Structures are given as C-alpha cells and as structure tokens.
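Working through the structure, step by step
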Amino acid sequence: LERAQIGALKPKKITYADIGGLDAQLRRIREMIELPLKFPEAFVRLGVEPPKGVLLYGPPGTGKTVIARAVANESDAWFTSISGPEIIGKYYGESEERLRAVFEEAQQNAPAIIFIDEVDAIAPKREEMGGEKQVERRVVAQLLTLMDGLSSRGQVVVIAATNIPNTLDPALRRPGRFDREIAVPIPDRNGRLEILKIHTRGMPLAENVDLERLADITHGFVGADLQALAKESAMMALRRLLPSLDDAAKLKDENFLSMEITMGDFLTALREIEA
Ligand code: ATP
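Residues numbered from 1 in each chain as written. Predicted model: local features only at pLDDT ≥ 70, side-chain atom pairs only at ≥ 80, totals over all residues. Heavy atoms only, no water.

Per an unreviewed UniProt entry, the chain goes by the name CDC48 family AAA ATPase and belongs to Pyramidobacter porci.

1. A few points about the pattern of salt bridges
Under the counting rule described, the total for this entry stands at 14 salt bridges. As a salt-bridge pair, Arg177 and Asp148 come within 2.8 Å of each other at their nearest N and O atoms. Taken together, the positions of Arg177 in the loop between β4 (156-162) and β5 (178-183) and Asp148 in helix α7 (residues 134-149) put the pair 29 residues apart, joining distant regions of the chain. On the basis of relative accessibility, which here comes to 14%, the residue Arg177 falls in the buried class. Given the relative accessible area of 41%, Asp148 is considered partly exposed. Arg189 is the partner of Glu212 in a salt bridge, and the nearest nitrogen-oxygen pair spans 2.8 Å. Here Glu212, found in helix α9 (residues 211-216), pairs with Arg189, found in helix α8 (residues 189-199); they are 23 residues apart in sequence, far enough to count as distant. (Salt bridge = Lys/Arg side-chain N within 4 Å of Asp/Glu carboxyl O. Helix = DSSP H or I, 4+ residues; strand = E, 2+ residues; numbered from the N terminus. Buried < 20%, exposed > 50% of the residue type's maximum accessible area, 1.4 Å probe, protein only.)

2. Description of the confidence of the model for the chain
Residue-level pLDDT values for the chain average 88, and 91% of them are 70 or greater. For this predicted complex, the interface confidence reaches an ipTM of 0.97, while the overall pTM sits at 0.89. (pLDDT = per-residue confidence, 0-100.)

3. Some thoughts on the site of the ligand
Neighbouring residues of the ligand: 18 residues in total, closest Gly20, Gly61, Lys64, Thr65 and His199. The separation between a nitrogen atom of the ligand and a polar main-chain atom of Gly20 is 2.9 Å. The separation between an oxygen atom of the ligand and a polar main-chain atom of Ala224 is 3.3 Å. Surface burial for the ligand is 80%, taken as the share of its 630 Å² of free accessible area covered by protein chains. Those elements that provide at least two residues to the shell around the ligand are α4 (64-74), α8 and α10 (223-241). Considering only residue class, the shell around the ligand consists of 6 nonpolar, 9 polar and 3 charged. (Near = heavy atom within 4 Å. Polar contact = N/O pair within 3.5 Å; in protein donor to acceptor, adjacent residues only side chain to side chain. Areas by Shrake-Rupley, 256 points an atom, 1.4 Å probe, with all protein chains shown as cover. Nonpolar A, V, L, I, M, F, W, Y, C, P; charged D, E, K, R; others polar.)

4. Quick word on the packing of helix α6 (residues 94-108) against α7
For any two helices packed against each other, one specifies the inter-axial angle together with the distance between the axes. Direction vectors running N to C along α6 and α7 enclose 20 degrees, while the axes themselves pass 9 Å from each other. Here α6 is positioned roughly parallel relative to α7, judged by the angle of their axes. Along this stretch, α6 crosses α7, giving a crossing that reads as right-handed. Here α6 contributes Ser95, Glu96, Leu99, Arg100, Phe103 and Gln107 to the contact with α7, which in turn contributes Val135, Arg138, Val139, Gln142, Leu143, Leu146, Met147 and Gly149. Of the residues assigned to the contact of α6 with α7, the class counts are 7 nonpolar, 4 polar and 3 charged. (Axes fitted to C-alpha atoms, helices over the stretch in contact; angles between N-to-C directions. Parallel < 35°, antiparallel > 145°, perpendicular 65-115°, else oblique. Left-handed = near helix turned anticlockwise from the far one by under 90°. Contact = heavy atoms within 4.5 Å.)

5. Structural notes on the sheet that holds strand β3 (residues 112-117)
Spatial ordering of the open sheet is given by β2-β3-β4-β1-β5, a layout of 5 strands whose pairing is parallel. Bordering the open sheet on either side are β2 (78-83) and β5, each of which pairs with just one other strand. Going from strand to strand, the sheet's axes swing by 20 degrees on average, the running direction of each strand aside. For strand β1 (residues 53-57) and β4, the ladder comprises 5 bridges, and the chain directions are parallel. (Pairing = 2+ DSSP bridges.)

Following this line, the structure appears as structure tokens:
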C-alpha cells in the first residue's frame, strides 16, 4: 500500500453510500429530516410541519446509529449523540441538566440533529415506574418539556433509537414529539449482499470470493454481524499468511503486500462467528 492509500483508510464521514439494504427507510428519513433542514422554505410553502422527533426502532446492529450520523452529515447539520443509560447514570439533578445543555447547544448550532440512543432507558412507561424510578420519571418530563420547547421551524431534529419501542412512554409519541416512526429491520438476502459489498469495499478480495453465496448463507445476520464477518475474514487471511508472530517482519514484504482474502477465509470466519 502506498502511504496515500493508508491515509485514505482513516475514519471518514458516514454517508448514505455506507448503508446497505435500507433504501425505503433512507428515502423516508431524507424526506422527513434532510429536506426540511436544507430547504425549510419549501416546507413552509407546502404547509407541512416537519417532525421534531423521529423514532427509529429495530434489533441491535441494524444501522440506526449510522442512519442518524449519515443524515446529519448529508444535511450539513451539527450532530450530537447521547445515550439513555449515560443520562440516567448521572447524579441527582445532573440528568436533566445534561439534557438541557444538549438541547441548548443544538439550538445554538442549528441546523442540528440530536441522536438519543437506547431512549428506552430514560423513557420507560411512566405508570410502570415504581418509587425507585424517580430519575427516569424526571428525565422523561424534562425531555417532553425540551421537545415541546423546540419550534418546528427551529431546525433541530431529535432522532431516538430503541430496540423495544413498546416500552416507551406513550406521551413521547404524541404529536409534536416522536410522532414519526421508522422500522429498521433485519436485512433480507439482498440487503445482506449490499452490506457485504459495503464492508468489503476496501479489501483485497481473491477472485473466488462469492459475496452472493455469503449473502445466501448468512440468514439472520444484521449489519453489525456482517461487518464483523468481513473484519474477521481479513484477520483469518492474516493468520493464514503469518502463522507465527515471530515472522511479523514479513508484513513489510513485497509478497505479503500482495496478499488476498479468500472465500476460505470468509468461511472459516463464518464458522468462528457462528460458534
Ligand atoms: P444498537 O441498537 O445496538 O445501537 P444500531 O442499530 O444503532 O445498533 P449501528 O450502531 O448503526 O446499529 O451499527 C453497528 C455497525 O454495523 C455499524 O458500525 C455499521 O457499520 C454496521 N451496520 C449496521 N447496519 C448496517 C447497514 N444497514 N449497512 C451497513 N452497515 C451497517
């Protein structure tokens, strides 16, 4: 690899092209969030109130966080992310203060997107809360207040993610709050193929690597699993070519730099992951 190529491997901004198998979801997200952030006048003219809050729900590892990051990036919006458990973990009174600070900072930096991961942690149904759930109760109330305080033209959108939408306080799903929902499902076979293509994009794949077949045999895998499979396959190739770390100097070798990841590496990695 040239130095320049190594430079290109640095973390880059996430775009829609990094998300596989979720075309319909991305289309809705773009209409609901990107377009109103970029072209507020058009929505005023259409008489449509853009949402202040959008709830993404689906199993872990299906891409909810990457969607939020991509739409922020593609909308040129300021982005901040907080997680439900992180907020709840604060000392008495700090949880609400932290939420307030996040909203304030977003409003100052608008257009902005606030991403709340695992929102269920702060917002379980209020009637299910016993006395020991005081913190959650206060944080839900604070979140409701802050969302009500956002003007719908305020150019701040809150995206929340959860694996368990049914545990959310219904008050959070009323109009003007998280009143749009998008299911982010486990990918089907074609979704898996798209995701595999994305996560092997920069890898030196041998000719025999058959991504179509890998998509066929990875039923039930989510994006995070497929990403792990791609990374693990690369490590398998490394171990195959470098059985002993005593030979690590070989990594500088011309021959080594022409190494490829084979279908065998993928199948070995798959067996390990499944085990
Ligand atoms: P959680 O509910 O556990 O927070 P999540 O749905 O937010 O999960 P992400 O954090 O977005 O999942 O995804 C985890 C990793 O898996 C990401 O780094 C991403 O690269 C990869 N990934 C997940 N879904 C997809 C997808 N649809 N296309 C491409 N990559 C994906």
